[in-house]
Amino acid sequence: MIRIGVAGASGLAGGELIRLIMQHPELELTFLGGSRTVGRRLVDLHPGLRHDPGLVVEPVTPRLAERCDVMVLATPAEVSAALAPVLAERLPCLVDLSGAFRITCSDVHKRWYPSVDRPDGLVERFTYGVPELLGDELAEARLISLPGCYATAITLALAPLVLGSGLRVDSVLVDGKSGSSGGGLRPRTADLHPYRSGAITPYAPTGHRHAAEVGQFFARRRAGSIGSLAMSAYGVSNVRGLLASCYVQARGDQLDDRSLHRAYLRFYRQQPFVRVRRHAETLIPVPDPQAVLGSNFCDLAVMRDDEGDRVVVLAALDNLVKGAAGQAVQAINRRFGLPEECGLGMQPVVPA
């Protein structure tokens, strides 16, 4: 069994991670870390989890390394930046769900995470954890920085064009819509039910830090290129799920619906958690976040818009599973040589 600890055990992503660990046949939960909830039991923190593994929340200290083969930091970026240097040399594997180590360029990092100070030299040791695109690198990684939920959706949406087909994309515009769980549990007036219910809130209309991750990723992986990538993000009244609509301006006579669909099928044919869909193949148009809730799937659809002279790629996922906890488990599976689907076979809950 692989012993695993979770720091940030009281949060939404932490709770989702614990749920997945407890149903995984090869993972054993051995540590719960936190600060404000020290001494609390798991069943006190997450009403949906009634199995008590006999653990209570403890402070995160270097000594926990004796009890864990892998530690997952489901903590805010500021906390991850402080904990990672303490734990990096003491554990076989450290996985961070925050944005502390996603962006390697210091200037870009400071723009999007101005309050997060990182120690010099550590960020270069992290592997950016997109299992579908960097699986071989994850197998050797000691430090893994998982992409953000939007970044996961956008990267998977664009990879067949940029990495698979080697296209030179002039520009990408992303329209992102996400449920309230993406904001975590920090109390904010805008997230109160009287304001959030029924809302379409433009909380980041002129830019989003996850777009910076995506731009950096493709710039470093080469193949094709992206001239510019801009994003607007909106909060909707759903609790879970997100939809990233990517509008791509790219030259190429081969970009018709049939060839695009085939290119995506070919690119992801060995990837169990990416489902390439046709927009009208089901009772409801897809991709739709409600068709992936509770699962580790990312649904993609690609189509040519002749009127707008553009390619439209839609990506839907559950931000707490494929966008966070599920992707962490997927990366851990790759890291420790387990089947990628191990512990992640749950189907979506529809309707939810």
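Residues numbered from 1 in each chain as written. Predicted model: local features only at pLDDT ≥ 70, side-chain atom pairs only at ≥ 80, totals over all residues. Heavy atoms only, no water.

(A) Local environment of the packing of helix α6 (residues 149-164) against helix α9 (residues 257-267). Where α6 meets α9, the closest approach of the two axes is 10 Å, and the angle between their N-to-C directions is 95°. By the angle between their directions, the pair α6 and α9 is classed as roughly perpendicular. Note on element contacts: α9 touches α6 through L260, Y264 and F267, opposite A157, L158, A159, P160, L161, L163 and G164. (Axes fitted to C-alpha atoms, helices over the stretch in contact; angles between N-to-C directions. Helix = DSSP H or I, 4+ residues; strand = E, 2+ residues; numbered from the N terminus. Parallel < 35°, antiparallel > 145°, perpendicular 65-115°, else oblique. Contact = heavy atoms within 4.5 Å.)

(B) Looking closely at the state of the cysteines. All told, the structure shown has 0 disulfides when counted by the stated rule. Cysteine C149 shares no disulfide, and the gap to the nearest cysteine sulfur, in C298, comes to 11 Å. Of the cysteine sulfurs around C298, a residue in no disulfide, the closest is that of C246, at 9.7 Å. (Disulfide = S-S within 2.5 Å.)

(C) Here's a closer look at the pairing of strand β4 (residues 70-73). Neither face of β4 is left uncovered, since the one carrying V70 and V72 and the one carrying M71 and L73 both have all their residues buried. Relative to β4, strand β1 (residues 2-7) runs parallel, the two being bridged by 4 bridges. Bridging across to β4, A7 finds its partner in L73. With 4 bridges connecting them, β4 and strand β5 (residues 93-96) associate as parallel partners. Across the sheet, the residue bridging to M71 is L94, located in β5. One crossover worth recording links β4 to the parallel β5 by way of helix α3 (residues 77-87), and it is right-handed. (Buried < 20%, exposed > 50% of the residue type's maximum accessible area, 1.4 Å probe, protein only. Pairing = 2+ DSSP bridges. Right-handed = clockwise from strand over helix to strand, strands pointing away.)

(D) Expanded view of the pattern of salt bridges. Tallying each qualifying case throughout the model produces 22 salt bridges. Across the salt bridge formed by R304 and D306, the nearest N and O atoms sit 3.4 Å from each other. (Salt bridge = Lys/Arg side-chain N within 4 Å of Asp/Glu carboxyl O.)

(E) Representation of the side chain of H261. Take H261: it is sitting in helix α9. For H261, a relative accessible area of 7% translates into the label buried.

(F) Fine view of the sheet that holds β1. Strands sit in the order β3-β2-β1-β4-β5-β7-β6 across an open sheet of 7 strands; the sheet is parallel. On the outer flanks of this sheet lie β3 (57-58) and β6 (127-128), each paired with one strand and no other.

(G) Up close: unusual backbone geometry. For the bond from V286 to P287, the omega torsion is 5°, close enough to zero to count as cis. Residue placement: P287 occurs in the loop between β12 (274-276) and β13 (298-305). We note that D309 has phi near 50°; this positive angle belongs to a residue other than glycine. Position of D309 relative to the elements: it lies in the loop between β13 and β14 (310-317).

(H) Examining the nonpolar core more closely. The biggest cluster of nonpolar side chains holds 44 residues, and the ones touching the most others in it are I154, V248, Y268 and V313. Ranked by the residues each element gives to this core, the list is headed by α6, at 11 residues. In this view, V248 contacts L158, L161, V169, S171, V172, R310, V311 and V313; residues no more than four positions away in its chain are not counted. Membership of the second largest hydrophobic core comes to 40 residues, among which are A9, A13, V70 and A74. (Core = buried A, V, L, I, M, F, W, Y, C linked by side-chain atoms within 4.5 Å.)

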